[in-house]
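Residues per chain, in single letters:
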Amino acid sequence: MGFKARRVIAPLARALAPGGRLIGIHSCGGDPGLETVQQVWPDENPFQTGRHEVLPATKTELGSAARHFNFNVYADLRSIFRNDMHTLPEEIGASSGIDTSTLLAAWNAATYVAQIEDERLARVIGGSRYPDATRGVLRRHGGLWFRDESYVISRKRDLL
């Protein structure tokens with residue numbers, strides 16, 4: 001978490017103009033995208049750091065300058081949302097096959113969101129495990145979606 005706060009989020013927050021807002025969004029798992037990845041790599045757990053850890057770490061990284069910012073974590077109802085991969089209804093029907101392009105799009109989206117390295121992907125691409133896993137998840141859930149969470153860091157306006 002320290003790296004992300006130090007090298008990504010804190011510098012972005014420092015760059016905010018007075019009254020400016022940084023809206024952070026990242027995946028949080030618990031969705032068919034992660035299920036797809038875990039069908040191939042059962043121990044994969046890429047979403048270990050949530051907004052409740054990101055903001056305090058960023059506040060610490062900002063040090064005394066943190067007093068110039070508001071850190072808004074928000075409740076799950078407001079923060080967590082679903083991001084759907086859209087397909088035509090007939091592309092994922094139980095009676096029909098799933099197009100190769102739909103399978104590849106779903107697999108690519110799931111592995112991109114989970115940040116699976118190219119070397120690991122290369123080891124499974126020639127086999128049937130990943131298309132079978134992707135097909136099964138798409139059919140079980142009627143599509144693919146991801147759960148994302150958001151948070152806001154805003155710079156306070158200068159007081160005159």
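Right above here is the structure, for reference.
Okay, so let's go over this structure. (Residues numbered from 1 in each chain as written. Predicted model: local features only at pLDDT ≥ 70, side-chain atom pairs only at ≥ 80, totals over all residues. Heavy atoms only, no water.)

Turning our eyes to something else, we now look at the layout of surface pockets. The volume enclosed by the largest pocket comes to roughly 460 Å³. If you trace the largest pocket, you find 18 residues lining it, with K4, I25, H26, S27 and F47 closest to the centre. Those elements giving two or more residues to the lining of the largest pocket turn out to be α1 (2–14), β1 (21–27) and α5 (100–113). At 5 residues, β1 tops the list of elements feeding residues into the lining of the largest pocket. Residues of the lining of the largest pocket, tallied by class, amount to 11 nonpolar, 6 polar and 1 charged. (1 Å grid on protein atoms, 1.4 Å probe; cavity = no way out; pocket = protein on both sides within 12 Å on 5 of 7 lines; lining within 4 Å. Points joined across faces, edges and corners; volume = space filled by probe spheres on them. Helix = DSSP H or I, 4+ residues; strand = E, 2+ residues; numbered from the N terminus. Nonpolar A, V, L, I, M, F, W, Y, C, P; charged D, E, K, R; others polar.)

What follows is about helix α3 (residues 51–62). Taking 1.5 Å per residue, 12 residues should reach 16 Å; α3 reaches 16 Å between its end C-alpha atoms and fits that length. Three or more residues of α3 are buried, namely R51, V54, L55, T58 and L62. Each buried residue of α3 lies within a common arc of 90 degrees when the element is viewed along its axis, so the set occupies one face. Buried positions along α3 lie against α1, β1, β2 (69–72), α4 (76–79), β3 (80–85) and β4 (144–155). At the exit of α3 stands G63, carrying a positive phi of roughly 60 degrees. (Expected span 1.5 Å × (residues − 1). Buried < 20%, exposed > 50% of the residue type's maximum accessible area, 1.4 Å probe, protein only. Arc of directions from axis to C-beta. Contact = heavy atoms within 4.5 Å.)

Scanning all chains against the criterion turns up 3 aromatic pairs. Through a chain of ring-to-ring contacts, three or more aromatic side chains come together here, namely W41, W107 and Y130. Across the ring face of Y74, the terminal group of R78 is positioned such that the distance to the ring centre comes to 3.9 Å. Taking the ring centre of W41 as reference, the NZ or CZ of R120 above it sits at 5.0 Å. (Phe/Tyr/Trp six-rings, centres within 6.5 Å; stacked < 30°, edge-to-face > 60°. Lys NZ or Arg CZ within 6 Å of the ring centre and 35° of its normal.)

Within the secondary structure, Q38 is located in helix α2 (residues 32–40). Between the C-alpha atom of Q38 and that of V152, which follows or precedes it by 114 residues, the distance is 30 Å.

The next subject is the side chain of S154. Relative to the assigned elements, S154 resides in strand β4. Since its relative accessible area comes to 10%, S154 is described here as buried. Setting aside residues up to four positions removed in sequence, S154 forms contacts with L16, G20, R21, H68, F69, N70 and N72.

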